[in-house]
Amino acid sequence: MSPADVLRVGGHGLRARPMRVFLSALGIAIGIAAMVGVVGISTSSAGDLERRLSALGTNLLSVTPGPSLSGDASRLPGESVDMVDNLPDVESVTALGEVDAKVYRNDHIPEAETSGIAVKAAKTNLPGTTGAKLADGRWLNAANDRYPSVVLGPRAAEQLGVQRAGPDIQVWLGERWFTVIGVLAPSELVPQLDTQALVGWPYAQENLGFDGYPTQIHVRVVEEHVTEVQGILGATVNPQKPDEVAVSRPSDALAAKEATDDTLSGLLLGLGAVALLVGGVGVANTMVISVLERRSEIGLRRSLGATRGQIRNQFLCESQLLSLLGGVGGVALGIAVTVAYASYQGWPSVIPVWAMAGGVGSTLVIGALAGFYPAVRAARLPPTEALATP
């Protein structure tokens, strides 16, 4: 028999039992869809992370006081911002400082109900360096940072019941009224800003008892020299006690957070493999039953001159076609799930070619393994015994 004849006979065997074929192929499809979907969603998530990091920049470094050798709280020198700014590969540097003040929606709120909102003194170039964006209003500038003006992080604004910025919107901060001139959008690289109330650096020094020492410095560095600058930043900020300076890269934390999804992805891949195994068992079961039901057909074909090899190839072809049907359907379903989920999350849809090819390839392997025993059993049936079977 030619390959075309084998395909034609194998296809006829499947068409004769459509419901059984559908259910067996469905088991394969579920396993393949799970595997393709997990790989596709993970890859799409990674693609979205790369896109976000490209937009946010991976060249932002953050400096905070580290633990001192005595265990006491350390602090960054007041001139540290200027020293960092003098480094050759630094594009911009900004700072935040701790202000000992509380913020409330109005002056009637009990003192203990601070909602965990920290008040910080901020430099006017903070958004440009950290990539922070405004959801409403405007940022602090040279014209208003010496006056009682405040910019709220999104969560801080929500906790204070502030919906927008404007000259008529005020909060009670440091025992005086501050005008809310801006509300930040959520910040990915510096999420601490989301829960803070930010006031002008000079106003905080003059009116809120701020000592002028930065508690957090953010440095935007030339992309090619991030590692070099990160290595010398501690000694630059505090030459006398570089070990009491903590330097971090916010983009690394963001990437690490996304990488935690790999554990879940591995679990889902394992479940997909189990579903694929169950589908393979279903194919094997279908083929064994098919051999038992078609003993008379096998005997007749052998009597008409069909060889054992032709009978074996026929049943192997049926199992391969059955598995291929489930594999193609599973890949299509996995693609649909990935595209739908990625679109819902606002991610780019990225499905590796190797995942689709591997899905179809694995089904062919499963089909060969699942159909081998039934095919050999059918080929070994003696014609007289097969014809005598009712």
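Here the structure is shown first, and the text comes after it.
Residues numbered from 1 in each chain as written. Predicted model: local features only at pLDDT ≥ 70, side-chain atom pairs only at ≥ 80, totals over all residues. Heavy atoms only, no water.

S.K.: Even after reading the chapter, I still don't get the overall build of the protein chain, so can you show me in this structure?
M.R.: Within the protein chain one finds 13 helices and eleven strands. Across the 390 residues in the protein chain, those meeting the buried criterion constitute 46%. For the protein chain, contacts bridging at least 24 residues in sequence account for 81% of all contacts bridging at least 6. Summing over all exposed atoms, the protein chain offers an accessible surface of approximately 19100 Å²; the carbon and sulfur share of this is 59%. (Helix = DSSP H or I, 4+ residues; strand = E, 2+ residues; numbered from the N terminus. Buried < 20%, exposed > 50% of the residue type's maximum accessible area, 1.4 Å probe, protein only. Contact = heavy atoms within 4.5 Å. Areas by Shrake-Rupley, 256 points an atom, 1.4 Å probe, with all protein chains shown as cover.)

S.K.: Explain the packing of aromatic side chains to me, please; I cannot follow it from the model alone.
M.R.: The description of an aromatic ring pair rests on the distance of the ring centres and on the angle between the ring planes. Counted under the stated rule, the structure contains four aromatic pairs. Between the aromatic rings of Trp172 and Trp177, the centroid separation amounts to 5.1 Å while the plane-to-plane angle is 70 degrees, which identifies the pairing as edge-to-face. On the basis of relative accessibility, which here comes to 16%, the residue Trp172 falls in the buried class. Residue Trp177 is classed as partly exposed on the basis of its relative accessible area of 35%. For the pair Trp201 and Phe210, a centre-to-centre distance of 4.9 Å together with 85 degrees between the ring planes defines the contact as edge-to-face. Phe210 matches Trp201 in its accessibility class, with the two residues each being buried. The ring centre of Tyr213 lies 3.6 Å from the NZ or CZ of Arg75, which sits over that ring. If you follow Lys123 out to its NZ or CZ, it ends over the ring of Trp201, 4.3 Å from the centre. (Phe/Tyr/Trp six-rings, centres within 6.5 Å; stacked < 30°, edge-to-face > 60°. Lys NZ or Arg CZ within 6 Å of the ring centre and 35° of its normal.)

S.K.: What exactly am I supposed to notice about helix H7 (residues 226–237) here?
M.R.: One turn of an α-helix holds 3.6 residues; hence residues three or four places apart share an orientation. Taking 1.5 Å as the rise per residue, H7 with twelve residues should run 16 Å; its terminal C-alpha atoms sit 16 Å apart, in good agreement. All of the buried residues along H7 are Val226, Val229, Leu233, Gly234, Thr236 and Val237. Down the axis, H7 shows its buried residues gathered within 165 degrees of arc, on one side only. Exposed and facing more than 90 degrees away from the buried side of H7 are Thr227 and Gly231. Buried residues along H7 sit in contact with strand S1 (60–65), helix H3 (80–85), strand S2 (90–98), strand S10 (216–221) and strand S11 (245–248). (Expected span 1.5 Å × (residues − 1). Arc of directions from axis to C-beta.)

S.K.: Just to check I follow, could you spell out the nonpolar core for this structure?
M.R.: Val150, Leu173, Val180, Val219 and Leu233 are the most contacted members of the largest nonpolar core, which has 43 residues in total. The greatest single-element share of this core, amounting to four residues, is contributed by H7. In contact with Val219, not counting residues within four places along its chain, are Asn59, Leu60, Leu61, Val84, Val90, Ser92, Val93, Thr129 and Leu233. Counting 14 residues, the second largest nonpolar core, distinct from the first, contains Leu60, Leu96, Leu184 and Leu193. (Core = buried A, V, L, I, M, F, W, Y, C linked by side-chain atoms within 4.5 Å.)

S.K.: What's the story with the pairing of strand S9 (residues 196–200) in this structure? I'm lost.
M.R.: Looking along a regular strand, one sees side chains alternate from face to face of the sheet. Counting buried positions along S9 yields five of five residues, so the element is predominantly enclosed. The pairing of strand S4 (residues 118–122) with S9 spans five bridges and is classified as parallel. When the bridges of S9 are listed, Val119 appears paired with Ala197. Where strand S6 (residues 149–152) lies against S9, three bridges are found, and the strand directions are antiparallel. The residue of S9 that forms the bridge with Val151 is Leu198. (Pairing = 2+ DSSP bridges.)

S.K.: Would you mind going over the pattern of salt bridges with me for this structure?
M.R.: Opposite charge on two side chains permits pairing when their charged atoms draw close. Here the structure, examined in full by the defined rule, presents three salt bridges. A salt bridge links Glu98 to Lys120, with the nearest nitrogen and oxygen atoms 2.5 Å apart. One end of the pair, Glu98, is in strand S2; the other, Lys120, is in strand S4, and 22 residues separate them in sequence. Taking the relative accessible area as the measure of exposure, Glu98 reaches 42% and is therefore partly exposed. For Lys120, a relative accessible area of 10% translates into the label buried. (Salt bridge = Lys/Arg side-chain N within 4 Å of Asp/Glu carboxyl O.)

S.K.: Before we go on, may I ask you to explain the side chain of Ser44 in this structure?
M.R.: Mapped onto the elements of the fold, Ser44 is located in helix H2 (residues 18–56). Relative accessible area serves as the criterion here: at 0%, Ser44 is assigned to the buried category. Looking at Ser44, its side chain comes within polar contact range of the main-chain nitrogen of Val350, at 2.9 Å. Setting aside anything within four residues of it in sequence, one finds Ser44 in contact with Thr338, Ala342, Trp347, Pro348, Ser349 and Val350. (Polar contact = N/O pair within 3.5 Å; in protein donor to acceptor, adjacent residues only side chain to side chain.)

S.K.: In this structure, what is going on with the environment of Gln205? I would like to understand it.
M.R.: Mapped onto the elements, Gln205 comes out in helix H6 (residues 201–207). Residue Gln205 is classed as partly exposed on the basis of its relative accessible area of 39%. Spatially, the C-alpha atoms of Gln205 and Ala121 are 8.5 Å apart, while their sequence positions differ by 84 residues.

S.K.: Sorry, what's going on with the environment of Pro202 here?
M.R.: Summarising the element assignment, Pro202 is placed in helix H6. On a C-alpha basis, the gap between Pro202 and Gly212 in space is 8.7 Å, while along the polypeptide they are ten residues apart. The contact partners of Pro202, leaving out residues within four places of it in the chain, are Asp145 and Arg146.

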